[in-house]
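Observations on chain architecture
So you can see what is in the structure, the chains are spelled out below.
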Amino acid sequence: MPGTDGSILITGARAPVALHLARLLHGAGHRVILADTPARPIAAASKTCARYHRLPPPRFEPQVYREAVEALIRAEGISLVIPTCEEVFHLALAWRNRTMPALLFAPDIGLLAEVHDKHSFIRLAERLGLPVPETTLLNSRDDLEAVRARSRMLVFKPVWSRFASHVLLRPTPDFLDAITPSPAMPWVAQRFVEGEEISAYAVARDGRLKALALYRSLYRAGKGAGIFFERIEDDAARDLVERIVAGTAWTGQISFDLMREPGGRVLPLECNPRAVSGLHFFRDPARFTDAVLGDGAEVAPDVTAPQTVRLAMWIYGLPAALRSRALARFRQAMREGEELLDWPGDSAPVRAQWPALAEIARVAWRERISLQAASTRDIEWNGPA
């Protein structure tokens, strides 16, 4: 891949996927710089991080953020920038509005926005000939009234959202009184699909799949982000991912929430154009980096054991197990799951979880929001408006 001779900048250093990506690229011989908004993100503690740069919050100071990123690229001799979280949207806007001295490993902002939008993504999949669940855009109370009678067959969610936040799953009609969709803050009503959830993490270059991991989340932080992952194989899911990345000529990381119906058909539910936890199923630095950045063939996951963050399991998994009286299953998961933060010769990030969590907790306390909301508050991107 052109532009990978200099240092590589990975943004979103708060995320375990950023740490994992840094370890893979460093293991393949690259100098890795990390950047993000928090003072002490977990990836900054890693031996694989040559230097950590703290940036302004892009959601609240977009122009200052763009200028800081450009200055960082020039100062560190960066040739390639790889986003891992929702800062990808803010970076794509920076690349659109100025000539940057490095490549951005992501599509342009128009395509990013199209797949991030929970309604336009389904329309895109439909145009590519994929089967999709019925999905209706809600821009007003009148739109909401039109589907109210069928609410028990539907899932309601904001067009711009993450971690399954605000999702209403097959609500009774009276629950819809809490929703006020508008053109500025639209929602979708999507047919509830029975079946098995599948998560997909992929990397593509010019529409060609370079890496793919399919998995399911056995434990979650609330209704949203998974914290215990088990790999699976599914030909229909792979075909769906291949058709979307080819149909969009995708370059960069991309992930999907899919549903496998009892008959075997796989439907797309939504798309996140960023890294997700499937990345942790790749641990061979040379093969992964050669496939993703070099001329190597597509790389398959080389990890078979379930992956987890043990601290998150204690915070979210144990209370869920107690509520559902499934302690035996929880204990088995803790025995079988590998700590995804572990890496030979690089133990500091495991200890760095505590100050990183404390920093997020302070934001949550100050803003009176959940830990999950606090973890992305400064980088969220909620549409062009």
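The text that follows walks through the structure, step by step, so that each part is easy to find.

Here is what the cut-offs are and how they apply
Residues numbered from 1 in each chain as written. Predicted model: local features only at pLDDT ≥ 70, side-chain atom pairs only at ≥ 80, totals over all residues. Heavy atoms only, no water. Core = buried A, V, L, I, M, F, W, Y, C linked by side-chain atoms within 4.5 Å. Buried < 20%, exposed > 50% of the residue type's maximum accessible area, 1.4 Å probe, protein only. Helix = DSSP H or I, 4+ residues; strand = E, 2+ residues; numbered from the N terminus. Contact = heavy atoms within 4.5 Å. Phe/Tyr/Trp six-rings, centres within 6.5 Å; stacked < 30°, edge-to-face > 60°. Lys NZ or Arg CZ within 6 Å of the ring centre and 35° of its normal. Salt bridge = Lys/Arg side-chain N within 4 Å of Asp/Glu carboxyl O. 1 Å grid on protein atoms, 1.4 Å probe; cavity = no way out; pocket = protein on both sides within 12 Å on 5 of 7 lines; lining within 4 Å. Points joined across faces, edges and corners; volume = space filled by probe spheres on them. Nonpolar A, V, L, I, M, F, W, Y, C, P; charged D, E, K, R; others polar.

Attention shifts here to the nonpolar core. Ranked by size, the top nonpolar core spans 55 residues in total, and within it V81, W95 and F256 carry the most contacts. The biggest single contributor to this core is helix 3 (residues 87–97), with 7 residues. With residues near it in sequence (within four places) discarded, W95 still touches V69, I73, V81, M100, A102, L103 and L104.

Take the packing of aromatic side chains next. According to the stated counting rule, one finds 10 aromatic pairs in the structure shown. Here W160 and W381 contribute two aromatic rings whose centre-to-centre distance is 5.5 Å and whose plane-to-plane angle is 80 degrees, an arrangement assigned as edge-to-face. A residue pair is termed long-range when its members are at least 10 positions apart, and W160 in the loop between strand 7 (154–158) and strand 8 (168–169) and W381 in the segment after helix 12 (371–376) qualify at 221 residues. For the pair W160 and W381, one class covers both residues: buried. Relative to F281, the ring of Y215 has its centre 6.1 Å away and its plane inclined at 45 degrees; by these criteria the two rings are tilted. You can see Y215 sitting in strand 11 (residues 208–220) and its partner F281 sitting in the loop between strand 14 (266–272) and helix 8 (285–292), a full 66 residues away along the chain. In this structure, R329 packs its charged tip against the face of Y219, placed 4.8 Å from the ring centre. For R368, the ring lying beneath its charged end belongs to W365, and the centroid distance is 4.7 Å.

The tally for this structure, following the rule as stated, stands at 27 salt bridges. One salt bridge in this structure joins E367 and R366, with 3.2 Å as the shortest N-O distance. In the salt-bridge network here, residues are joined through shared partners; they are R14, D36 and D378.

On to empty space enclosed by the protein, then. Considering all chains together, one arrives at 3 cavities of 30 Å³ or more under this definition. By volume, the largest cavity is sized at about 50 Å³. As for the largest cavity, its lining consists of L21, L25, I82, F105, Y201, V203, Q253, F288, V292 and L293. Taken together, the elements giving at least two residues each to the lining of the largest cavity come down to helix 1 (16–27), strand 10 (196–205) and helix 8. Of the residues in the lining of the largest cavity, the class split is 9 nonpolar, 1 polar and no charged.

So, on to helix 5 (residues 120–127). Among the residues making up helix 5, those that are buried are S120, F121, I122, L124 and A125. With its phi angle positive at about 85 degrees, G129 sits one or two positions after the end of helix 5.

Here we come to the layout of surface pockets. Of the pockets and cavities examined, the second largest pocket occupies roughly 570 Å³. Surrounding the second largest pocket, 23 residues form its lining, W160, R162, H166, E380 and N382 being those nearest its centre. Tallying contributions element by element places helix 12 first for the lining of the second largest pocket, with 3 residues. Among the residues making up the lining of the second largest pocket, the classes are represented as 11 nonpolar, 8 polar and 4 charged.

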